[in-house]
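# Coordinate analysis (summary)
Here is what each chain is made of, one letter per residue.
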Amino acid sequence: MQGDFHYYATYCAALLAGYDHKSSLDICYGAQLVDHCSRTWLKKTGGPSAAATTQLQAELLQARTDQIGLCDITRIWSAFHFLPKDLYADVDKGSKNYKDKYRLICGPNGNLLVDTVKNAKGRGLEAAGIAMHVLADTWAHTFFAGTPSLVINNTNWYFYELFPENGSEPERRRIEFSHNPTASEDVDKPVYVSSVYQSYENSIMNLGHGRAGHLPDYSYIRYVYLPAWGDYKEIIKDNPHDYEHAFAQMVYALSYLNGEIDVFEKDTYAWDNIQPHLDRIRGIIAKRQVYASADWKALGESISGEKIPDFDMDGYVDLYLLAGDKSDTYLGRFFEAALSHKKMIAGKIMESGNKLVGVL
């Protein structure tokens, strides 16, 4: 997902879960910061490099792709952007390495999601924001894995957008992928920008949904493709359905984190909370646009009656640099929460016998 959902939609979800304006801003800021907290940025802020929640393109292009380097990449991307759905998924063929990668495929409502939300309980608004980023991405990034893998993450010529029609089979329109990083997306043709094909299994170009570009991050799209891990059978992804459920699940999870409800369980959604705004939410999600920030912002401001400032990734840097006790700052709490979450997820993956994040 992008800033439109991680920042503005998360703000809306926090409001509907019972948080006030200021707390909702702190939560959505943390959710969006996950996409910016790279080692390059941490070096500038003086934060611990181990708290990195993402990697810049330049960092990835220079990253090691030996076992140590791949473990570092997988620890970050599987923990914060491609949370595995089932670390013990039944895989009846392939090598151990293939099985380990298969078991890192992202999806919603896995046991690690419950662990993620519960781990954020009592750790503050920054931890809640991180958990909401992870939760939302389980829906947008379903079927992709946070480790470099051609066999898991590759796309091929068989990639179609679906246009549902009342009472009949949806129209299929072939999607073209451009590999020019400076090109613009053209949602009408449709043409989307993606990474260049690399036959090397562990190439950085095969990380996450890079081979499909930002297409999985767009709420309006429905598509079908043939992944190698699925025995080349059609996989259908319905983002409008999934994004609506992601939003309703965020409201439910945040209601648990603020103490409105006592338990957090899989496959549970706060439909009652969002019902008054559901038609408008569905309209935003279904609107054919690359960025929906303006629409989500307008919704949030109409609910709270307050102005939502634009996201500024350096907004808390000076306070952190000047603080005597850095642990008592927004960034200090964010870094602590990020380290806790990363350690917890890596530990769960290692406990399953999967060596892709390292060894015990």
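Bear in mind that the values here come from a model prediction, so they are computed numbers and not experimental data.

## Remarks on the sheet that holds strand 2 (residues 168-174)
Spatial ordering of the open sheet is given by 2-1-5-6, a layout of four strands whose pairing is antiparallel. The open sheet has two edge strands, strand 2 and strand 6 (235-238), and neither has a second partner. Geometrically, the sheet is characterised by an average inter-axis angle of 30 degrees between neighbouring strands, direction not taken into account. Lying on the sheet, helix 10 (residues 239-257) is in contact with strand 5 (222-225) and strand 6; it crosses strand 6 at an angle near 55 degrees.

## Things to note about the packing of helix 7 (residues 111-120) against helix 15 (residues 330-351)
At a closest axis distance of 10 Å, the pairing of helix 7 and helix 15 adopts a crossing angle of 150 degrees. The angle between the axes of helix 7 and helix 15 places the two elements in the roughly antiparallel class. Two packed elements cross with a definite hand, and for helix 7 against helix 15 that hand is right-handed. Across the interface between the two elements, Leu112, Asp115, Thr116 and Asn119 of helix 7 pack against Ser340, His341, Met344, Ile345 and Lys348 of helix 15. Looking at the contact of helix 7 with helix 15 residue by residue, the class counts come to three nonpolar, four polar and two charged.

## Digging into the pairing of strand 6
What you see with strand 6 is a clean split: Ile235 and Lys237 sit on the buried side and Ile236 and Asp238 on the side with no burial. Where strand 5 lies against strand 6, four bridges are found, and the strand directions are antiparallel. Looking at strand 6, one finds that Tyr225 is bridged to Ile235.

Conventions adopted
Residues numbered from 1 in each chain as written. Predicted model: local features only at pLDDT ≥ 70, side-chain atom pairs only at ≥ 80, totals over all residues. Heavy atoms only, no water. Pairing = 2+ DSSP bridges. Helix = DSSP H or I, 4+ residues; strand = E, 2+ residues; numbered from the N terminus. Axes fitted to C-alpha atoms, helices over the stretch in contact; angles between N-to-C directions. Contact = heavy atoms within 4.5 Å. Parallel < 35°, antiparallel > 145°, perpendicular 65-115°, else oblique. Left-handed = near helix turned anticlockwise from the far one by under 90°. Nonpolar A, V, L, I, M, F, W, Y, C, P; charged D, E, K, R; others polar. Buried < 20%, exposed > 50% of the residue type's maximum accessible area, 1.4 Å probe, protein only.

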